[in-house]
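Fold and geometry: a report
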Amino acid sequence: MTAAMGNDALGSRQSGTRLGQFAIQALEQDRTSDKVRVNREEHKLLCVYKKVKRAAVGRLLDSTSNCANIYSTTKAPQSARRREVLYHFSGYALEMLMVKLDHMQQSVLQLQIELAKHREEAAQSKVHMTVGLNDMQHSVRELQTEFSKHREEVARSQNNSDKNLVEIKRAVQNNFDSMRRWEGDVGRNFSRLQDRSWQIFALQATHTTMKTNLRSYVPYRSCSDIRNAQSGAYIIQVNDESNPFMAYCHRDMKGGGIWLVIQHRSDGSLNFYRNWTEYRDGFGNIENEFWIGLERIHQLTSGRPHELMVELRDFKGNYKFALYTAFEIGSESEQYKLKTLGAYNGTAGDSLSIHKNMKFSTYDRNNDISETGNCAVIYESAWWYKSCYSSNLNGRYKDINKKKLINWYAFNNSVEGLAFSRMMIRPKE
């Protein structure tokens, strides 16, 4: 029995030795695995696993040594039944411990797998974030590039605008300088033209057959300023700023006064259906039929008060007149409006007052208030039409259509044409 117990003790020591060797090998493997670099989470799990394993192995070694001491110090022999129980208990405990250790190792491996997955997901997230950041950086670079391009374009546009502005200023300055030079040239040419016009007037006065003397070569302000003037052509200059012009002065043998003729119709030799410019500047021959010009009438009547005489004669030789105590027309900007017309006196009847405050109209300048059309076109004339007329001294001399004829309706209360008309003005005394 003693030999059997010795064999059992020897078996137990051998089993303990093998278990110790297994534990030592496990510790060596643990030491080798410690050398592997892992992240912080894996390191913590491995440390826990190692501590548990070391503690278990340590308790197993302590129990084995205790068992050996018990067997070696036992004085009384034990029964085979007790040795078998101890042997089976030691094997079962070791098996249970190894199962637990395997379970813990599998748990650790699962945790490692989950950590690896988390690490992979984190790496993928980092990759996605990196890609997103790269895309954002690329977009920012593109925006910076676009902004730089736009800024350069704005700078170029500003430079071009500055250049264009400088060129425009230069062109305006050049045009202004050219205009000043042209103005000087026009002024000099106008002065020459005035001198030449004066020479022409003097030559006309010299070669015109008229009842006057040398004093007619000197311009007068009006026919009434000519002492002992007789009917004929004279040079009139309204003021120092106006141009001199040839005018016909007519002496009224009945009243003894002298008048300046502004319109004369006598034989139909001159066409009076003319445009605005011709009525403004005047036309015709002052010793025959003519219109002196609206601008000259304005200069004469606006400078000092004038009165108006209208002489008329029909084809039967009946003579009548109309005298107005005041007469004035406006400037061209006022369309030569009949601004002032004084009280009527005479034998022809008043056919002009209805035209007061009306503007002058020609076929190319309609200033009447007629709703049927331009009166100047309808009656082929020019006058201070309203809608249309009570007098029309610039109408046709003879025509089948009586409404187009020279007419002063109050002469015989009809539209019968007249054979003669003369409009004359003079300053009021």
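Below, the structure is looked at part by part. (Residues numbered from 1 in each chain as written. Predicted model: local features only at pLDDT ≥ 70, side-chain atom pairs only at ≥ 80, totals over all residues. Heavy atoms only, no water.)

What to know about the packing of aromatic side chains
The final tally for this structure, using the stated rule, is 12 aromatic pairs. Ring centres 5.4 Å apart and planes at 65° place the aromatic pair Tyr279 and Trp291 in the edge-to-face group. Of this pair, Tyr279 sits in helix α4 (residues 276–281) while Trp291 sits in strand β5 (residues 290–291), placing them 12 residues apart in sequence. Both residues of the pair, Tyr279 and Trp291, belong to the buried class. Relative to Phe360, the ring of Tyr279 has its centre 5.5 Å away and its plane inclined at 45°; by these criteria the two rings are tilted. Placement of Tyr279 in helix α4 and of Phe360 in the loop between β9 (344–346) and α6 (375–378) is noted, with a sequence separation of 81 residues between them. Both residues of the pair, Tyr279 and Phe360, count as buried. In this structure an aromatic cluster arises from ring pairing among Phe272, Tyr279, Phe283, Trp291, Phe360, Trp383 and Trp384. If you follow Arg313 out to its NZ or CZ, it ends over the ring of Phe420, 4.7 Å from the centre. (Phe/Tyr/Trp six-rings, centres within 6.5 Å; stacked < 30°, edge-to-face > 60°. Helix = DSSP H or I, 4+ residues; strand = E, 2+ residues; numbered from the N terminus. Buried < 20%, exposed > 50% of the residue type's maximum accessible area, 1.4 Å probe, protein only. Lys NZ or Arg CZ within 6 Å of the ring centre and 35° of its normal.)

Details of the pattern of salt bridges
Counting across every chain of the model gives 11 salt bridges. Arg274 serves as the salt-bridge partner of Glu278, at 2.8 Å between the closest nitrogen and oxygen. The buried category is assigned to Arg274, whose relative accessible area is 18%. If you follow the salt bridges from partner to partner, you end up with Arg280, Asp281 and Glu332 in one network. (Salt bridge = Lys/Arg side-chain N within 4 Å of Asp/Glu carboxyl O.)

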